[in-house]
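# Structural description and commentary
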Amino acid sequence: MLFGTQTINSKGHLEIGGCDTAELAAQFGTPLYVMDEDLIRSNCRDYIKSFRSKYPNSKIAFAGKAFLTAAMTSILRQEGMYLDVVSAGEIHTAVKGGFPTERIYFHGNFKSASELKIALQAGVGRIVVDNMQELELLSALAAEAGKTADILFRLTPGIDPHTHKLIRTGQADTKFGLNIKDGSAMAAVTRAQELPGIHLTGIHCHVGSQCLETDAHTTAVGIMVEFAVEVYRKLGITFDEINTGGGLGISYPHDQVPPTIDEFASKIADAYTHAMETLGLPNRPTLVQEPGRSIIGTAGTTLYTVGTVKTVPITEAPGRRTYVAVDGGMSDNPRPALYGAVYEAHVANNMNRAEGEAVTISGKHCETDILISDATMPKLIPGDILAVKCTGAYNYSMSSNYNRFTKPAVVLVSGGRAELIVKRETLDDLVRQDVVPDHLKR
Ligand SMILES: Cc1ncc(COP(=O)(O)O)c(C=O)c1O
């Protein structure tokens, strides 16, 4: 399956954004993250258009944890998106990219005093308060700075979506948010009315990520509206906005088929409108969504150079396994190791090569470091350029310097133009923050 602007050119090479990926690999080196600008923009537009056509008072915030660089925040600004951040580093990146800070939602289950001060200072639009201690702290800091913080409360609706256990967050037993059922959420809303420096604008939840069905989301929408009704009845307060997080999945392997953005928007907006009407909410709060993966996931492709190819005896069965090693691995894509995530790949420099036997694509780190297990691929030879698809989300943003690997460059491609948006790290970058104390120099 090809995504966005991906196509096969007359040389039989994979092309993205009108750029030949074999040439990108030669020009920028590998591993290389290639981001399809047109697809990022069209996904942003689809989200805005789909939600607004079903519920005009909607806002779409991109979840920066999926992929954030200064250039990305510039694209989001141009597309009229909002932005969800979770750290001072992400706020700083947005500021660097010229992103309007009033369009930022600041999340996180433990925001330090210094991070909250940075957010207040930068004029971040909404702080999504996770717990009571944070509420008290934020009130004190805002009052001290002579400011009023517009907040939402992060709530746990008590739902288990059908997704990997490490990316489920809406269930009762989670580190995130205030529980609705045990009264914590109502207590926080009540307390927010008494505190200086706090203006409660709404409520937020996020049930989980890589969801291929919408039932967890639609149930959560109902629970959030039900809570808003309860708050109105008890305290006479209405919310300006209800934010139901992100979580729409993508086709990592081609047999994972998520709803389209438009289908997703229909389900959420219908559930929202239905809940407000049937439960009797007196106002119609803004509906906010926070997609990450479904905007950026399929827009990213990682190019690797194939290094060694070897066959070894299989331990548990007769036969031999072929290991193909590429020049990256878990430091640029930790998701297979973290979640058993499944990827598919192409031979970028020969898209027409006939399929061969199953191979296992491994990285070069000192761990098992498998990127793709038992993939039926064309025969791979050293020097081939392997394009691993759907690496736009939670790859660059989760990359590390494990084994002192330098982080890859990121290029943005569109209309035959390839521009560097993150430079490849150098060996000197790796030791830039290292300090050798004097007594070790002797
Ligand atoms: C609060 C919040 N919003 C949005 C997202 C984005 O989720 P996704 O990338 O699955 O759309 C996440 C992901 O963890 C999240 O925690």
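Residues numbered from 1 in each chain as written. Predicted model: local features only at pLDDT ≥ 70, side-chain atom pairs only at ≥ 80, totals over all residues. Heavy atoms only, no water.

## Some details on the overall build of the protein chain
Check the secondary structure of the protein chain and you find 12 helices and 21 strands. What you see for the protein chain is a C-alpha radius of gyration of 23 Å, in line with the 22 Å of a compact globule of 442 residues. Each principal axis of the C-alpha distribution contributes one length, and for the protein chain these read about 70 × 65 × 45 Å. For the protein chain, the proportion of contacts with a sequence separation of at least 24, taken over those separated by at least 6, is 68%. Split by element, the accessible area of the protein chain, about 18700 Å² in all, is 51% carbon and sulfur. Within the protein chain, the 49 negative side-chain charges are centred at a point lying 3 Å from the centre of the 42 positive side-chain charges. (Helix = DSSP H or I, 4+ residues; strand = E, 2+ residues; numbered from the N terminus. Rg over C-alpha atoms; globule rule 2.2 N^0.38 Å. Contact = heavy atoms within 4.5 Å. Areas by Shrake-Rupley, 256 points an atom, 1.4 Å probe, with all protein chains shown as cover. Lys, Arg positive; Asp, Glu negative; His and termini not counted. Charge placed at Lys NZ, Arg CZ, Asp CG, Glu CD.)

## Examining the pattern of salt bridges
Counted under the stated rule, the structure contains 22 salt bridges. With a closest N to O distance of 3.0 Å, Glu-37 and Arg-41 form a salt bridge. One end of the pair is Glu-37 and the other is Arg-41, both in helix 2 (residues 37-54) and 4 residues apart, which spans about a single turn. With respect to burial, Glu-37 and Arg-41 carry one shared label: buried. (Salt bridge = Lys/Arg side-chain N within 4 Å of Asp/Glu carboxyl O. Buried < 20%, exposed > 50% of the residue type's maximum accessible area, 1.4 Å probe, protein only.)

## Looking at the site of the ligand
Neighbouring the ligand are 15 residues, the closest being Ser-209, Gly-247, Glu-290, Arg-293 and Tyr-394. Protein burial of the ligand: of its 390 Å² of free accessible surface, 92% is covered by the chains. The residue inventory of the shell around the ligand, partitioned by class, reads 3 nonpolar, 7 polar and 5 charged. (Near = heavy atom within 4 Å. Nonpolar A, V, L, I, M, F, W, Y, C, P; charged D, E, K, R; others polar.)

## Some thoughts on the environment of Ile-8
The residue Ile-8 is located in strand 1 (residues 7-8) in this model. Along the sequence, Ile-8 and Gly-18 sit 10 residues apart, while their C-alpha atoms lie 9.9 Å from each other. Setting aside anything within four residues of it in sequence, one finds Ile-8 in contact with Leu-2, His-13, Met-351 and Asn-352.

## Remarks on the domain arrangement of the protein chain
Looking at the assigned domains, one finds that the protein chain contains domain 1 (7-30 + 299-431) and domain 2 (37-296). Counting from both sides, the interface comprises 22 residues of domain 1 and, opposite them, 23 residues of domain 2. Summed over both sides, the interface of domain 1 with domain 2 buries roughly 1900 Å², with 61% coming from carbon and sulfur. Three residues, Ala-299, Tyr-339 and Tyr-394, lead the burial of domain 1 against domain 2; their summed loss comes to 29% of the area buried on that side. The tally of links from domain 1 across to domain 2 stands at 1 salt bridge. A salt bridge links Arg-417 to Glu-37, with the nearest nitrogen and oxygen atoms 3.5 Å apart. Looking at the side of domain 1 that touches domain 2, the elements that each hand over two or more residues are helix 11 (335-339), strand 20 (409-414) and strand 21 (417-422). Element by element, the count of residues in the side of domain 1 that touches domain 2 is highest for strand 20, at 4 residues. Classifying every residue of the side of domain 1 that touches domain 2 gives 14 nonpolar, 5 polar and 3 charged. (Domains from an automatic or database assignment. Buried area = accessible area lost by both parts, 1.4 Å probe.)

## Details of the packing of aromatic side chains
The full count for this structure, using the stated rule, is 7 aromatic pairs. Ring centres of Tyr-252 and Tyr-343 lie 5.3 Å apart, and the angle between their planes is 75 degrees; on these two criteria the pair is classed as edge-to-face. Within this pair, whereas Tyr-252 is found in the loop between strand 12 (241-243) and helix 9 (261-279), its partner Tyr-343 is found in the loop between helix 11 and strand 16 (345-347), the two being separated by 91 residues in sequence. For the pair Tyr-252 and Tyr-343, one class covers both residues: buried. Above the face of the Phe-99 ring, Arg-103 is positioned so that its terminal group lies 5.6 Å from the ring centre. The residue whose ring lies beneath Lys-111 is Phe-106, and the NZ or CZ to ring-centre distance is 5.8 Å. (Phe/Tyr/Trp six-rings, centres within 6.5 Å; stacked < 30°, edge-to-face > 60°. Lys NZ or Arg CZ within 6 Å of the ring centre and 35° of its normal.)

## With respect to the sheet that holds strand 2 (residues 14-16)
On the basis of which strands lie adjacent, the open sheet formed by 3 strands has the order 1-2-3 and antiparallel pairing. Edge positions in the sheet fall to strand 1 and strand 3 (19-20), since each of these pairs with one other strand and no more. Across 2 bridges, strand 2 lies against strand 3 in antiparallel orientation. Its bridge partner lying in strand 3, Glu-15 is registered against Asp-20. (Pairing = 2+ DSSP bridges.)

## Comments concerning the pairing of strand 9 (residues 149-156)
Counting buried positions along strand 9 yields 7 of 8 residues, so the element is predominantly enclosed. Bridge count between strand 8 (residues 126-129) and strand 9: 3 bridges; the pairing is parallel. Of the residues in strand 9, the one forming a bridge with Val-128 is Leu-152. Once the chain exits strand 8 it traverses helix 6 (residues 132-144) before rejoining the sheet at strand 9, and the crossover so formed is right-handed. (Right-handed = clockwise from strand over helix to strand, strands pointing away.)

## Side note on the nonpolar core
Judged by nonpolar contacts, the single largest core of 107 residues is most densely connected at Ile-40, Phe-62, Ile-127, Ile-151, Phe-153, Phe-227 and Leu-386. Both domains that meet at this core, namely domain 1 (7-30 + 299-431) and domain 2 (37-296), each give it at least three residues. Every residue in contact with Ile-40, bar those within four places of it in the chain, is listed here: Met-35, Met-72, Ile-75, Ile-295, Ile-296, Ala-299 and Leu-412. Ala-25, Phe-28, Ala-409 and Val-411 belong to the second largest nonpolar core, which has 16 residues in total. (Core = buried A, V, L, I, M, F, W, Y, C linked by side-chain atoms within 4.5 Å.)

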